[in-house]
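Chain residues, written in single-letter form:
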Amino acid sequence: MPLVPGGLVGQEEILLRAIPRALIAASTLAIAIAAIVFLVRRRDLPGVYKRVALAFVLLLLCITLVYGVATYALWWPSPSFQPVFDSVAAVIALVAVFLIRFALPVLLALPSPRQLERNNQHLKSEIDAHIDTMRELTEIRSDLEEKVRDRTRELKEINQRFEAALSGSDIAVFTQDRDLVFTWAYNNPRFEIGSDQVVGKTDADLFSDEVAGQVVAAKRAVLASGQRATLNVVVETADGGSQYLRLSIEPLRDGAGDTIGLTSAVVDLTERHDYETRLHALTTSLAQANARFDLALRGSAIMVFTHDADLRYNWIYNPATGLVPEDMLGRTDAAIWPPDVGRPIIAMKREAVATGQPQHGEIVMPLAGADRHFQVRIEPILAGDHAIVGLAGVVVDVTETHLQEAHLRLVMRELTHRSKNLLAVIQAMARQTAARSDDPHTFVARFSARLRSMAASHDLLVAQEWHGAILHDLVDVQIGQAIDPGSEQLKVEGPFISLRPDAAQNIGLALHELTTNASKYGALSVPGGRITLRWSIRDGNRFHLRWEETNGPVVVPPEKTGFGVTLLERTVGQALDGGVKLAFAPGGVVCDIDIPASHVLA
């Protein structure tokens, strides 16, 4: 403790003076520390505020140093130490003044409290306006968000419908930029390339060079013209098959209408192509079947028709003679035929509808001025539920069959009659041949030759179904037994005519007898002999045939009448209601046969 005058009283006075100074030093130090902490934590303050605060801290430290040194000096006086601390305090004060010197213009430029209040009021008004604006913006934003949610929901629903529509189809959709790089794809599972494998690629990455060249050329043309285009391509699949695609390419435009890329829809036509191929094959088969059907029925006596549920004709093919389809289509049999004519066919069709069973029978219809016979078969047409929806029918015209049967019966009766006559002729011919034959061998030879002659005539009649025989053919088969019909020894003149069966048989026998006689005794027995055979129709009602031999041996009339002469003059002439004249002139035999022209067919 320092020694001061006054003893204890002096100490109390020092204490009284030291305590305030110590409190001031401690307080200013505490404030300086607080200011330093404030500066450290508020680094966001402007520089001028930091400089003022630093000057304030330095001033406080200066005061702390002055009062701390003064307090210390009261207790431990040190004349040499006091000036140092005073100098340090002075330097700190000068630094604070220096800092305040540069900060003072900025501080003076700061607004006054009244200005701050006015500015605060103005800012408050602006803040309130901004708050109102923010409230309005918030409401607008809320409306926009609601609209965005609505549009998002609508877009989602549209996308769902879009995906649902495409998921069940053969369509894929793509977009590309102007460089033909795919930017978006919705791909159907039918396509081998997935959507994630398309985006970022080009057509050259997805297709072969040939297909890519076609596709790229078409797309560049759309980009250049701005007009949509379509293109069909065939793509080879991984399994070696073919996929048929149709591309619909359209320009993709922005809001200003400028083309920014392309949008393409790709349709898989493979199934359609397969269907069309099968349809073409079926159509070809159907056409071939129809052609065969038409060929089978064309010119035939078969008519095919169908009825609807009301038994109206709705289709007719190859109508029978006397029927006109246009007069029958859309009408029923009751509206077409008189009651007595249509009753059988109507009853048959109603029975088919009532029982559901096929019906068949034969009917007679008056058509084209004559009764015609038809075989009819009717069958019900059934729907999927086995309900009868109509009828199908086949009508076969058997009129010719009936006529042929009638003709056959007539022929059989005629054949029976002719057979009896023929047997009678054969019996007479046998008796006459036997009577004029010297031995059995001669009889057999002559009789067999005459039977062959008759058989030859019969063959010609059979070939013409017993309608008659062509006279030229009859001459060939009869004279051909002795010479070639084309031989120079034979000259035939006459029109092309046919003889009725009776005339053919008898004239055939006459030609046989004349040929046999000529080959044995007449013109055909020598090389230079000639036979001229002429026929014609005289006066329109008589048929005349002349046999004339020349250049043969000298003819000597027979002393007795042979069977051949008898056959010619009696049998042939009498059987045909005509006459036969036989002359044995020295130059050759001449035979004239004259019969009614009714024995001639044409």
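Position numbers for residues count from 1 along each chain, tracking the sequence in the order it is written. For a predicted model such as this one, the threshold for reporting local features is a pLDDT of at least 70, and the threshold for listing and counting side-chain atom pairs is 80 or more; totals across whole chains, interfaces and linings nevertheless cover every residue. Values shown for side chains rest on all heavy atoms present in the structure; no hydrogens or waters enter the calculation.

### A word on the overall build of the protein chain
Part 1 of the argument: Strands here are runs of E lasting at least two residues and helices are runs of H or I lasting at least four, both read from the DSSP assignment and numbered beginning at the N terminus. Summing up its helical and strand segments, the protein chain has 14 helices and 17 strands in all.
Part 2 of the argument: Among the 602 residues that make up the protein chain, the fraction classed as buried is 33%.
Part 3 of the argument: A sequence separation of at least 24 residues applies to 52% of the contacts in the protein chain between residues at least 6 apart.
Part 4 of the argument: The protein chains shown are the only cover counted for residues, whose accessible areas, like all others here, come from Shrake-Rupley with a 1.4 Å probe. For the protein chain, the exposed area adds up to about 36400 Å²; of that, 59% sits on carbon and sulfur atoms. Under the scheme applied here, a residue whose accessible area is under 20% of the maximum for its type counts as buried, over 50% as exposed, and between as partly exposed, the area being computed with a 1.4 Å probe on protein chains only. In this analysis, two residues are considered to be in contact whenever any of their non-hydrogen atoms come within 4.5 Å of each other.

### Description of the pairing of strand E7 (residues 313-317)
Part 1 of the argument: Any two strands with at least two DSSP bridges between them are considered paired. Where strand E6 (residues 302-307) meets E7, 4 bridges bridge the pair, whose relative direction is antiparallel. Each residue of the ladder has a partner; that of His 307, found in E7, is Tyr 313.
Part 2 of the argument: Here E6 hands over to E7 after 5 residues, with Leu 311 in that stretch at a positive phi of 60°.

### Concerning a nonpolar patch on the surface
Part 1 of the argument: Put simply, a patch holds well-exposed residues, over 30% relative accessible area, that have no salt bridge, with like charges counted together within 9 Å and Val, Leu, Ile, Met, Phe, Trp or Tyr side chains within 5 Å. Just to be clear on terms, a salt bridge is a Lys or Arg side-chain nitrogen sitting within 4 Å of an Asp or Glu carboxyl oxygen. Judged by side-chain polarity, Met 134, Leu 137, Ile 140 and Leu 144 come together as a nonpolar surface patch covering roughly 380 Å² of accessible area.
Part 2 of the argument: If you trace the backbone, Met 134 turns up in helix H4 (residues 113-167).

### A word on the pairing of strand E14 (residues 530-538)
Part 1 of the argument: Relative to E14, strand E12 (residues 490-493) runs parallel, the two sharing 4 bridges. Counted as the bridge partner of Lys 491 is Thr 532 from E14.
Part 2 of the argument: Here E14 runs beside strand E15 (residues 542-550); their pairing, made up of 9 bridges, is antiparallel. Within the sheet, the bridge partner assigned to Arg 538 lies in E15 and is Arg 542.
Part 3 of the argument: Hairpin geometry of E14 and E15 is characterised by an intervening segment of 3 residues between the two adjacent antiparallel strands and by a positive phi of about 55° at Asp 539.

### A look at the side chain of Lys 219
Part 1 of the argument: On the secondary structure map, Lys 219 appears in helix H6 (residues 209-225).
Part 2 of the argument: Not counting residues up to four positions away in its chain, the partners in contact with Lys 219 are Gln 176, Leu 180, Phe 182, Asp 203, Leu 247, Ile 249, Leu 262 and Ser 264.

### What about helix H13 (residues 501-520)?
Part 1 of the argument: To estimate how far a helix should extend, the number of its residues minus one is multiplied by 1.5 Å. Given a rise of 1.5 Å per residue, 20 residues ought to cover 28 Å, and the 29 Å separating the end C-alpha atoms of H13 matches this to within 8%.
Part 2 of the argument: Burial analysis of H13 places 15 of its 20 residues in the buried class, the great majority of the element.

### Concerning the sheet that holds strand E17 (residues 588-596)
Part 1 of the argument: Pairing within the open sheet is mixed, and its 5 strands lie in the order E12-E14-E15-E17-E16. Two strands lie at the open edges of the sheet, namely E12 and strand E16 (579-585), each paired on one side alone. Neighbouring strand axes in the sheet, compared pairwise and without regard to direction, differ in orientation by 10° on average.
Part 2 of the argument: Bridge count between E15 and E17: 7 bridges; the pairing is antiparallel. For Glu 548, the partnering residue across the bridge sits in E17 and is Val 590.
Part 3 of the argument: Across the sheet, helix H12 (residues 471-479) touches E12, E14 and E15, and the angle it forms with E14 is around 155°.
Part 4 of the argument: The axes are straight lines fitted to the C-alpha atoms, using for helices just the contacting stretch, and the angles between their N-to-C directions are given from 0 to 180°. Here H13 sits on the sheet in contact with E14, E15, E16 and E17, set at roughly 10° to E15.

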